[in-house]
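Secondary and tertiary structure notes
Here is what each chain is made of, one letter per residue.
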Amino acid sequence: MWNKIENYYWTLKYLKKSQLFYLLKNRLERGKKAKPAAVRPVGEPASLGLWMDGLDACPDYLRRFDTEEILSGRVTLLYESGCPGGNRWAHPSRSHLWNFNLHYLEFLVPLAAAYRREKEPRYYERFREYCRSWIRDNADGTGDGWHPYTISLRLTNLWICLDGFGDVFREDGQFAQELTDSMYAQYVHLRRHTERHLLGNHYLENLKAILLGAVFFQEAETYSRCKKKLRRELEEQILPDGVHYERSLMYHKLILEDLMRMAKAVRCPDEAFYKELLRILKEMADAAWSLESGLGRTPLFNDAGDNVAKPLEHCLLAALEAEFGICPQAEKRSAFPQAGYYCLENERIKILLDAGEMAPAYMPGHGHCDGLSFELGLDQRPFFVNSGTGQYQGELRSCFRSTAAHNTVVLGGEEQSVCWGEHRVGRRMRLVSGGCRGRWAAGSLVTCTGRHLSRRIGLRDHTVVIRDRAEGPAAAYLHLAPEYEYEQSGPLVRVLNQKGEEMCRIRTGPKDRLRIFREGTICSYAPEFGRIRRIQVLQIAWEGKDAEHEIRIQFQKGGII
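Throughout this document, residue positions are counted from 1 along each chain, in the order its sequence is written. For a predicted model such as this one, the threshold for reporting local features is a pLDDT of at least 70, and the threshold for listing and counting side-chain atom pairs is 80 or more; totals across whole chains, interfaces and linings nevertheless cover every residue. Excluded from the side-chain calculations are hydrogens and water; all other atoms, namely the structure's heavy atoms, are used.

**Section: the overall build of the protein chain**
Put simply, DSSP marks the helices as runs of H or I at least four residues long and the strands as runs of E at least two long, and each gets a number from the N terminus on. Along the protein chain, the regular secondary structure elements total 17 helices and 21 strands. In terms of C-alpha radius of gyration, the protein chain reaches 24 Å, essentially the compact-globule figure of 24 Å for 561 residues. Dimensions of the protein chain, computed from C-alpha atoms along their principal axes, come out at roughly 80 × 55 × 45 Å. The rule is simple: take the accessible area with a 1.4 Å probe, protein chains only, and divide by the maximum for that residue type; under 20% is buried, over 50% is exposed, in between is partly exposed. By the burial criterion, 59% of the 561 residues in the protein chain qualify as buried. At a minimum sequence separation of 6, the contacts of the protein chain that also span at least 24 residues come to 70%. Shrake-Rupley sampling with a 1.4 Å probe provides the accessible areas, and residues are treated as covered by the protein chains on show and by no other component. Accessible surface for the protein chain amounts to roughly 23,200 Å². Of this, 49% is attributable to carbon and sulfur atoms. The averaged location of the 73 negative side-chain charges in the protein chain is 4 Å from the averaged location of its 79 positive side-chain charges. The atom set for the radius of gyration is the C-alpha atoms, and the globule formula is 2.2 Å times the number of residues raised to the power 0.38. Contact between two residues is taken to exist if any of their heavy atoms lie within 4.5 Å; hydrogens are not considered. His is not counted here, nor are the chain ends, while Lys and Arg score as positive and Asp and Glu score as negative. By convention, charge coordinates are those of NZ in Lys, CZ in Arg, CG in Asp, or CD in Glu.

Listed below in structure tokens is the structure:
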């Protein structure tokens, strides 16, 4: 009981006063139904022109969906399947995250892509059936479908589809009116129920959808007010180094796409704001390219996975160049001091070190205990990996957020920060700092219980050196990508590929206690949401007595030792 009270205290302590106000307001208004109908402004809606072939017809993106399955009335999202329909489209046997994703209606975008490619009416007819089903089954104004976040994503996806289907939708008079009337009701509800109690990416998604709605429904006053709020949020949420302030590269890419959609919509009516968005897009693209390139997938710091945001290189960056003429700078950056990310890289090895705060103090819901953790890519593929996220609800949620789930050091068997619930953080690490110079990246922190940890990682030729200075008993973890396995021979640990060929050798101190985990919860790995894979994890334990501890990893030039 006391622990719960303490966790609430530390969680509420960091919230803004405005968040506390809206938390109370939401509690008082809980149970109120949305109004599924509203009087739409007279006149034809504007065309937003949101469709982008580089995003919405990108093969790497469309592979997430089975178009024939969608035509049959069944949908697979995040490796879970179900049939949209029924009262409020609620599926109690599926995860809450899957139910939320179902209401985004993102699975309708592949139907628009297929229609543009093949011009077959069945794709549009199925789109219309799904839309009418959603309107009919969610007419009571309750449930996940009327959550501000699902409205924000659903409206955006519907606008993308309307642009994708083009004339066939505009000429379908009765359905066009039915759908736009419903969209206007959702837009009005969203305007009145933005997520100001959460802020962060949720609030930015709300504002994006309202801005697009104001352009679509030609509401100039709403547009002006929303743009002012968006400018304030973008100034706060996009750090001076170009990284989104929640420090998840997955959410960074989601916000990058949001800004692309907004830029498309405001290009003609608001050239000044359009140019502002282009500047931010360039900064975010530069950051994403420098941080992700060489790792082979989305870096798994904080909540992140590969099957939520669109792929970076062949999708987001390709569309940025095609639509806006924006390309990331040729020379990658190694330091992102505001976000706390630092890179080391040569022709074969890429290391990304996290030496920054876990999240904004008032919005840590997507934060993990990954202080001073790193990921290492070898030959453009993951090699040493953080465990990922996998799920927002379920028994593994707390495990994936724990310190031991990352390539960092556990001090005294304690967590760096107290992550509790699904998206809450109580006491947390502090005094986090980092930097890089030449071939070294470094950082330090103090855990929530007051223990100090500092780490230096060096990369020279094909050798990686990790030097840790810790207080008390310490245990470092190295999580291997699933394509590799450990083999121990005394104090020497070798990493083998699936053919049994040696990839590298790991040398530790003579008094270190080594343990290789091949089963158990710690071996869970989720580079994508909804899919858990098994990996091997090396634990290196020692007695930290303020002396620097060294782990040396020797790779061989050319790949195999």
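**Focus: the nonpolar core**
Note on terminology: a nonpolar core comprises buried Ala, Val, Leu, Ile, Met, Phe, Trp, Tyr and Cys residues joined through side-chain atoms within 4.5 Å. Phe107, Leu108, Phe127, Trp159 and Leu179 are the most contacted members of the largest nonpolar core, which has 109 residues in total. It is helix 15 (residues 271-292) that contributes the most residues to this core, 12 residues altogether. What Trp159 contacts, discounting residues up to four positions off in sequence, is Leu48, Leu50, Met183, Ala209, Leu212, Gly213, Phe216 and Phe217. Tyr149, Met250, Val432 and Cys523 belong to the second largest nonpolar core, which has 72 residues in total.

**Details of the state of the cysteines**
In plain terms, two cysteine sulfur atoms within 2.5 Å form what is called a disulfide here. Going through the model one piece at a time under the given rule, you end up with 0 disulfides. Cysteine Cys226 remains unbridged, with the sulfur of Cys268 as its closest cysteine sulfur at 19 Å. Assessed through its relative accessible area of 4%, Cys226 is described here as buried.

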